Amino acid sequence: MSLDGPSNSTTEPKSEAVADPSLEAEPLTPSMLGKFFGVPLLIVAFIVGGAISVVLLFGATSAPPTRTIDQLLTSLEASSGQRQMGMLLTPEKELWQTGLELSTRLQNQQFSEQELDSLATRLSAIVTKDLAALNTAQEEQSKGIPGLTGPNRLVFLISALGQTKQPKAIDPLIQAVETGRLIVKEGREPLAEAAIRQLAEFGELPECRKAIDTLVTTLEKPVSTETRLTAATALSVIAEPDDQHVIDALEDVLHSEEGELVWTAALSLARLESSAGKSMLLDLLDRTFWSTGDRYRVTDKSGTVHRYAMPPARIDAYLGGAIDAASNLADADIWEAIEQLKSDRSLPVRSRATEAIKQRIDT
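These numbers were taken from a predicted model, which means no experiment stands behind them. (Residues numbered from 1 in each chain as written. Predicted model: local features only at pLDDT ≥ 70, side-chain atom pairs only at ≥ 80, totals over all residues. Heavy atoms only, no water.)

Peer 1: How would you summarise the overall build of the protein if you had to cite specific residues and measurements?
Peer 2: Each helix and strand in the protein was counted, giving 16 helices and four strands. Relative to its 363 residues, the protein shows a buried fraction of 36%. Taking the contacts inside the protein whose residues are at least 6 apart along the sequence as the reference set, 63% of them involve residues at least 24 apart. (Helix = DSSP H or I, 4+ residues; strand = E, 2+ residues; numbered from the N terminus. Buried < 20%, exposed > 50% of the residue type's maximum accessible area, 1.4 Å probe, protein only. Contact = heavy atoms within 4.5 Å.)

Here's what the structure looks like:
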């Protein structure tokens, strides 16, 4: 007997449960299947159908209609794009919403030639006016008077202006480069960079040649490395191969700078069919050059330069760019280096080298 008293368990054998015929499962008849599955399905279908009807009936009226070009530009002209305590105010939110819509439609080529012409005219006026105000603000700041906070807004307007691809946009873009060289934010010149990129997008358009002197001056100015890199690349797109003024400016960079500026100068010279940067170009066509040393540099907001090993993806990109630029030269050593890259370990690099050699044979 247990000291704790009688146990709740029992050792007596349990009797088997006797099946009650009234508790047996009822067979699933077609009517019961409909009851279990058909009714819920009808309910779900009704809910989904109702939701679709609501969208069809009321969705179109709730979505804002596509704005006309006049409405887009009027919104841009009226918006000042100010901040308060680091927060976007309603006008600035509206500005970026308008900017997104305008940029998307420009990229999707949703404007006619007549609309693009009107767009370029009015955007040019906005950019010119804002640049003038920014110049005034710079002068006031030199006297201790707070200036404008408009570079962010202008970066968008400059980019939108360039996307119109209208020749009348070129003069305001050149002005934006000249003014933008004086506007520094976090160690860079965002206005100048944006304007130079847009000028490069015009490619070999004859009207764009008037920007060459401004770009050469930018290459020589004490501006950030990023702005000078952008200017060097743009010159290789805009200038003619026989423009000795540009060739000389790029050669000066090649012999007086280091790192990315030298690489970019060599590539730009090759695009202009100059072999002045051949020695550097041969290095740029060699994977070993890229994979040795800390060639990847990052400059933080304080201006401190950090050096790292070049990431593999960037090595592939640089090798591809070097192949494209070097393909403009008829130098045997250069083409031997490209031939070697046909067996590179990277498939994109091998493909680029193979295609370059094929195009040379075909021509």
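That shown, we press on.
Peer 1: Break down the nonpolar core for me, with residues and values.
Peer 2: As a rule of thumb, soluble globular proteins bury nonpolar side chains together. In this structure, Leu-102, Leu-123, Leu-199, Leu-284, Leu-285, Trp-290 and Ile-338 are the most contacted members of the largest nonpolar core, which totals 85 residues. A per-element tally of this core places helix α11 (residues 260–271) first, with eight residues. Excluding residues that lie within four positions of it along the chain, Leu-123 makes contacts with Leu-73, Leu-76, Leu-157, Ala-160, Leu-161 and Thr-164. (Core = buried A, V, L, I, M, F, W, Y, C linked by side-chain atoms within 4.5 Å.)

Peer 1: Got a sec to walk through the packing of helix α7 (residues 190–201) against helix α9 (residues 225–238)? Specific residues and values, please.
Peer 2: Between α7 and α9, the shortest axis-to-axis distance is 9 Å and the interhelical angle comes to 15°. By the angle class used here, α7 and α9 are roughly parallel. The handedness of the crossing between α7 and α9 is left-handed. Here α7 contributes Ala-192, Glu-193, Ile-196, Arg-197, Leu-199 and Ala-200 to the contact with α9, which in turn contributes Glu-226, Thr-227, Thr-230, Ala-231, Ala-234, Val-237 and Ile-238. (Axes fitted to C-alpha atoms, helices over the stretch in contact; angles between N-to-C directions. Parallel < 35°, antiparallel > 145°, perpendicular 65-115°, else oblique. Left-handed = near helix turned anticlockwise from the far one by under 90°.)

Peer 1: Any chance you could break down the pairing of strand β4 (residues 305–308) for me, citing the residues and the numbers?
Peer 2: One ladder, built from four bridges, connects strand β3 (residues 296–299) with β4; its direction is antiparallel. Bridging across to β4, Val-298 finds its partner in His-306. Turn length for the β3-β4 hairpin, with the two strands adjacent in sequence and antiparallel, is five residues, and the turn residue Gly-303 shows positive phi of about 95°. (Pairing = 2+ DSSP bridges.)

Peer 1: Describe in detail the pattern of salt bridges, supporting the description with residues and values.
Peer 2: Counted according to the given criterion, the structure contains 13 salt bridges. One salt bridge connects Arg-352 with Asp-324, and the closest N-O pair in it is separated by 2.7 Å. Highlighted residues: Arg-352 in helix α16 (residues 347–362) and Asp-324 in helix α14 (residues 312–326), separated in sequence by 28 residues. A relative accessible area of 44% means that Asp-324 is categorised as partly exposed. Connected through shared salt-bridge partners, Arg-188, Glu-193 and Arg-197 make up one network. (Salt bridge = Lys/Arg side-chain N within 4 Å of Asp/Glu carboxyl O.)

Peer 1: Explain the environment of Ala-231 residue by residue, including any values.
Peer 2: Among the secondary structure elements, Ala-231 is positioned in helix α9. The spatial distance from the C-alpha of Ala-231 to the C-alpha of Val-216 is 7.5 Å, given a sequence separation of 15 residues. Every residue in contact with Ala-231, bar those within four places of it in the chain, is listed here: Ile-196, Leu-215, Thr-218 and Leu-219.

Peer 1: Explain α7 to me, and be specific about the residues and the numbers.
Peer 2: Between its terminal C-alpha atoms α7 stretches 17 Å, which fits the 16 Å expected from twelve residues at 1.5 Å a residue. Within the span of α7, buried status applies to Leu-191, Ala-192, Glu-193, Ala-194, Ala-195, Ile-196, Gln-198 and Leu-199. A positive backbone phi angle near 60° is found at Gly-203, which sits one or two residues after α7. (Expected span 1.5 Å × (residues − 1).)

Peer 1: I'd love a proper account of the packing of aromatic side chains, names of residues and values included.
Peer 2: The full count for this structure, using the stated rule, is five aromatic pairs. On the numbers, 5.1 Å between centres and 75° between planes, the contact of Phe-289 with Trp-290 is edge-to-face. Judged on exposure class, the residue Phe-289 and its partner Trp-290 are both buried. Centre to centre, the rings of Trp-290 and Tyr-318 are 4.5 Å apart; their planes meet at 15°, and the pair counts as stacked. With Trp-290 in helix α13 (residues 287–291) and Tyr-318 in helix α14, this pair connects stretches of sequence that are 28 residues apart. Ring pairs connect the aromatic residues Trp-263, Phe-289, Trp-290 and Tyr-318, which therefore count as one cluster. A cation over an aromatic ring shows up here: Arg-295 above the ring of Phe-289, its NZ or CZ 3.8 Å from the ring centre. (Phe/Tyr/Trp six-rings, centres within 6.5 Å; stacked < 30°, edge-to-face > 60°. Lys NZ or Arg CZ within 6 Å of the ring centre and 35° of its normal.)

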